[in-house]
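As a plain string of letters, each chain reads:
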Amino acid sequence: MRHSSRFWPARWDRRARIGWVGALAFRERVFLRAAFATLGVTIAGTAVYAAVGPQPSIDHVMRDWVPSLVYVIASALIVLRVIRVREGRGPWIVIAAGIMLYTAGTLVWSLWLQNLPAPPFPSLSNALWLSMYPAAYLGLVWLARGKKGQGAPAGVWLDGIVAGLGIAALGAAVVLGPTQRAATGNFVALATNLAEPIADLILAGLVMGILALRGFRLDRVWILVGGGFLLLCIGDIMFVLNVAGGATSTSSTSLVFYLAAVASIAWAAWQRQDDAPTARLEGWSMLLIPGLFALTAIGLLVYDHFVTLDAIAMVLATVTLLMALLRTTLTFRDVRTLTETRRQATTDDLTSLPNRRLFMQRAAEGIAGARAVQGSLALLIIDLDRFKELNDTMGHQAGDGLLRQIGPRVLPILRPTDTLARLGGDEFGLLLGPPCDEASALHVAERVRDALRAPFEIDGLHLKVAASVGIGVFPLHADDAERLLQCADIAMYQAKASHSGREVYAADQERHSRDNLALTSELPQAIEQGQLEVHFQPKAEARGRRLVGAEALVRWRHPERGLLPPVAFLALAEHSGLGRELTRCVMADALERCRHWRAAGHDLHVAVNASVVDLLDLQFPDEVAAALTAHDVPASALMIEVTESSVMSDPVRISDVLARLGELGIGISLDDFGTGYSSLVHLRKLPVCEIKIDRSFVSGMGSMGADLAIVRATIRLAHELGLRVVAEGVEDDATWQRLADLDCEIIQGYYLARPMPAAEFEAFLVRADTQADEQPERDVVSR
């Protein structure tokens, strides 16, 4: 679910709004709500008291007993949270200790010290109040690290430093001068007078710095805890200024800030915390934070010419200005590199040609322009023949060398308005801008083939390469870029099948059968009407044989053709642009089933396969996060499976998408490991937590020594990299046992179970539980 407001994070679902209250027993919930209601009523009454003015008959109660009551209740609420909620307990233990010390100081003062004929200063209460600050510092920093302790870029750290220093400088200018002028007594008394405002300045600076590190993207926890500590600082500043003006006790207005501060912190303890977001300021907005606090520092320096400020305030203002200038310098450097970054995002790393993303963008723009003038354009797909054989024979370094030479061969024969791009693998796209009809496109296709016929020099050898070209023409064959690309792709496969070298799209000569065409047209309706169903193949521990998860595999329950396997329609979905919708459908069903399993007591994860189209979409991580929230499934219960070939279509962009998924807490599994051509090169760079050994190696372990050696080496390599191993394609007990002996963690295959509908899978879970209860000494899962 997406929220219209940009301020509130999308993850603020119903669970976030009720916080941890739902985790408590009924009596505890009643106590919690009553306690918060008491805090609210008490603070409201104190605010009314402050607005009305001093009332001698109740002054003692309002200044001594009411704060003591609020502090005790707030401390009890935070302690109860520490006891009853395990998640994120660490920082709240420290914050609870600090608030309890602060409460103890208030109680000692209210019940004892202030009643003495000559209350000492400094006193035990001062020591207890000051001891709260180290705990608050530690708790805030710990809380800011979030669940994973993510780091932040240098620019974001500088934003935090500038914000913290700017707030501290402003506070020092307002507070320290009057405090020093009003302070009297011995050295200890002077130090005590100054210690609390200085501690408050550090606390305010720390809170502001942490908020800057988070990009000022607030969740409920940080609104409450950050606001609470800032309210506490404001209350202290008001108290110090009042004392500097001759007052002898806390003002009623300061008291309201104190009570609201501890209540806010107590409320924050009962909210669910989101992972710390990364600050993502772009363009000139990156200058907002350093610019604002730089202006603050400049204002203080100018003000010092008229009214002399405290030396500490001057030093802080100067350092703030220097840090802001450093941050601004870094921002300008980032802005200078922005153009290059965007160019790289639309450029193929290997060939330096435009990539698929830019190609499709230009195709859409070209179609819009041609439609406006009622013109035509052509889209060509160029595929190198027998390229795989070249890779297998001479190695992929040679293949890469060949691909790099395609652009220099083809570009000289094109117009400046034409676009040549690498779409992936050995496939190139060529966009011929208007005017370009079918005859012109055929002529260019033949010129391209002629340019590629000349031998290529690869590693000292002269190799001849042929190419097949498919042609789609707008508006003759399609009226949008995606469909035009599909038409050219179909024509290219027809050119390969007929060995003609180039073909123009023609529906009656389409390589795909009429059945496939019918399925392509029926697929959108099948998705909309829920004809797609998800089957689940269980996964189990290799040693304990306990069920740990399942892989979600899509099937099509066709009303006329029966149950269709994925091979019958997955490629059609990708070609027709329905790959993303298909993934959404499978993801939603899989997560809903996973929620049912976990609610029934089965601590299982579910694995969902992601296509190239999914991984190229920068919105994919946000969609997955929203789906997890909508189905109330923790991120740790989801595994995204990707193949190496899909990652290699655009390694930089897809690695970024995978990294964002990993930051959400979602596991990334590299499927079909060992069948790609650069797994070892890219494995160390991919944010994966497990690899799946391809069934082609697992099935041959018992009869082929080479396959056994590959599996053994793969498991050892994965463990050295700290990765979990899943072996798929296990079809007999001997293979299972051999994998367990090799320390493979998880097993998947027909010997455990074939993919089955959701209802059958849930019955399978029940049978496994029953078997475990009846025969605890045996494996949980057996045949």
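These numbers come from a predicted model, not from an experiment.

### Digging into the overall build of the protein
Counting its secondary structure elements, the protein contains 28 helices and 17 strands. In the protein, which comprises 783 residues, the proportion classed as buried is 49%. Summarising the internal contacts of the protein: among those between residues at least 6 apart in sequence, 70% fall at separations of at least 24. A total of about 36,700 Å² of accessible surface is found on the protein, and carbon and sulfur atoms cover 59% of it.

### Points about the pattern of salt bridges
Overall, the coordinates contain 25 salt bridges when judged by the stated rule. Salt-bridge contacts for R584 lead to E581; the nearest nitrogen and oxygen are separated by 3.1 Å. You can see R584 and its partner E581 sitting in helix α19 (residues 579-599), 3 residues apart, about one turn around the helix. The class for R584 is partly exposed, based on a relative accessible area of 35%. You can call E581 partly exposed: its relative accessible area is 35%. Taken together, the shared-partner salt bridges connect R580, E581, R584, D614, D617 and E623 into one network.

### Notes on unusual backbone geometry
The omega angle of the peptide bond from P434 to P435 is 0°, so this bond is cis rather than trans. Its place among the elements puts P435 in the loop between β3 (427-432) and α15 (438-453). A cis amide bond links F474 with the next residue in sequence, P475, at an omega value of 0°. Assignment of secondary structure puts P475 in the loop between β6 (467-474) and α16 (481-498). Phi at D632 takes a positive value of approximately 55°, unusual for a residue other than glycine. Looking at the secondary structure, you find D632 in the loop between α21 (620-630) and β12 (638-643).

### So, the packing of aromatic side chains
Taken as a whole and assessed by the stated rule, the structure comprises 8 aromatic pairs. With centroids separated by 6.4 Å and ring planes inclined at 40°, the aromatic side chains of Y133 and Y137 adopt a geometry described as tilted. Of this pair, Y133 and Y137 are both found in helix α5 (residues 124-144), 4 residues apart, which corresponds to roughly one turn of the helix. Just as Y133 is buried, Y137 falls in that class too. Among the aromatic side chains, those forming a connected cluster through ring pairs are F536, W597, F761 and F764. Over the face of the ring belonging to W736 we find R545, whose NZ or CZ atom lies 4.2 Å from the ring centre. Over the face of the ring belonging to Y750 we find R754, whose NZ or CZ atom lies 3.9 Å from the ring centre.

### A few points about the confidence of the model for the protein
On average, residues of the protein score 80 in pLDDT, and 79% of them are at 70 or above. Confidence drops under pLDDT 50 across residues 1-18; counting only partners more than four residues distant or on other chains, this segment forms 33 contacts. For residues 277-285, every residue scores under 50 in pLDDT, and the model assigns this stretch 16 contacts once sequence neighbours within four places are set aside.

### Details of the nonpolar core
Core analysis: the biggest nonpolar cluster contains 81 residues, and F536, L638 and L739 have the highest contact counts within it. Looking at this core element by element, the count peaks at 7 residues for α19. Those residues in contact with L739, other than ones at most four positions away along the chain, are V698, M701, V711, I715, A727, V730, C744 and I747. The next biggest cluster of nonpolar side chains, apart from the first, holds 53 residues, and it includes W129, V221, A263 and A266.

### What about the packing of α19 against α21?
Here α19 crosses α21 at 25°, and the two axes come no closer than 10 Å. Between α19 and α21, the crossing angle belongs to the class labelled roughly parallel. Both α19 and α21 take part in a crossing whose hand is right-handed. When α19 is examined against α21, the residues R580, T583, R584, M587 and L591 are found in contact with a partner set consisting of F620, E623, V624, A627 and L628. Counted by class, the contact of α19 with α21 contains 6 nonpolar, 1 polar and 3 charged residues.

### Regarding the sheet that holds β6
Here we have 5 strands laid out as an open sheet, ordered β2-β3-β1-β6-β7, and mixed in their pairing. Of all strands in the sheet, those bounded by a partner on one side alone are β2 (419-424) and β7 (502-504). Averaged over all adjacent pairs, the angle separating strand axes in this sheet is 20°, with direction ignored. Of the strand pairs in this sheet, β2 and β3 are connected by 5 bridges, and their pairing is antiparallel.

### Here's the deal with the pairing of β3
Judged by how many residues are buried, β3 sits mostly within the fold: 6 of 6 residues are covered. What you see with β3 is no split at all: E427, G429 and L431 on one side and F428, L430 and L432 on the other are buried throughout. Relative to β3, strand β1 (residues 377-384) runs antiparallel, the two sharing 6 bridges. Residue I381 lies in a different strand from β3, and its bridge partner there is G429. Linking β2 back to β3 in an antiparallel pair, the connection comprises 2 residues, with G425 at a positive phi of about 60°.

### Thoughts on helix α9 (residues 252-269)
Over its 18 residues, α9 extends 26 Å from the first C-alpha to the last, a length consistent with the 26 Å expected when each residue adds 1.5 Å. The buried count for α9 comes to 14 of 18 residues, which makes it a mostly enclosed element.

Reading the values: the criteria
- Residues numbered from 1 in each chain as written.
- Predicted model: local features only at pLDDT ≥ 70, side-chain atom pairs only at ≥ 80, totals over all residues.
- Heavy atoms only, no water.
- Helix = DSSP H or I, 4+ residues; strand = E, 2+ residues; numbered from the N terminus.
- Buried < 20%, exposed > 50% of the residue type's maximum accessible area, 1.4 Å probe, protein only.
- Contact = heavy atoms within 4.5 Å.
- Areas by Shrake-Rupley, 256 points an atom, 1.4 Å probe, with all protein chains shown as cover.
- Salt bridge = Lys/Arg side-chain N within 4 Å of Asp/Glu carboxyl O.
- Phe/Tyr/Trp six-rings, centres within 6.5 Å; stacked < 30°, edge-to-face > 60°.
- Lys NZ or Arg CZ within 6 Å of the ring centre and 35° of its normal.
- pLDDT = per-residue confidence, 0-100.
- Core = buried A, V, L, I, M, F, W, Y, C linked by side-chain atoms within 4.5 Å.
- Axes fitted to C-alpha atoms, helices over the stretch in contact; angles between N-to-C directions.
- Parallel < 35°, antiparallel > 145°, perpendicular 65-115°, else oblique.
- Left-handed = near helix turned anticlockwise from the far one by under 90°.
- Nonpolar A, V, L, I, M, F, W, Y, C, P; charged D, E, K, R; others polar.
- Pairing = 2+ DSSP bridges.
- Expected span 1.5 Å × (residues − 1).

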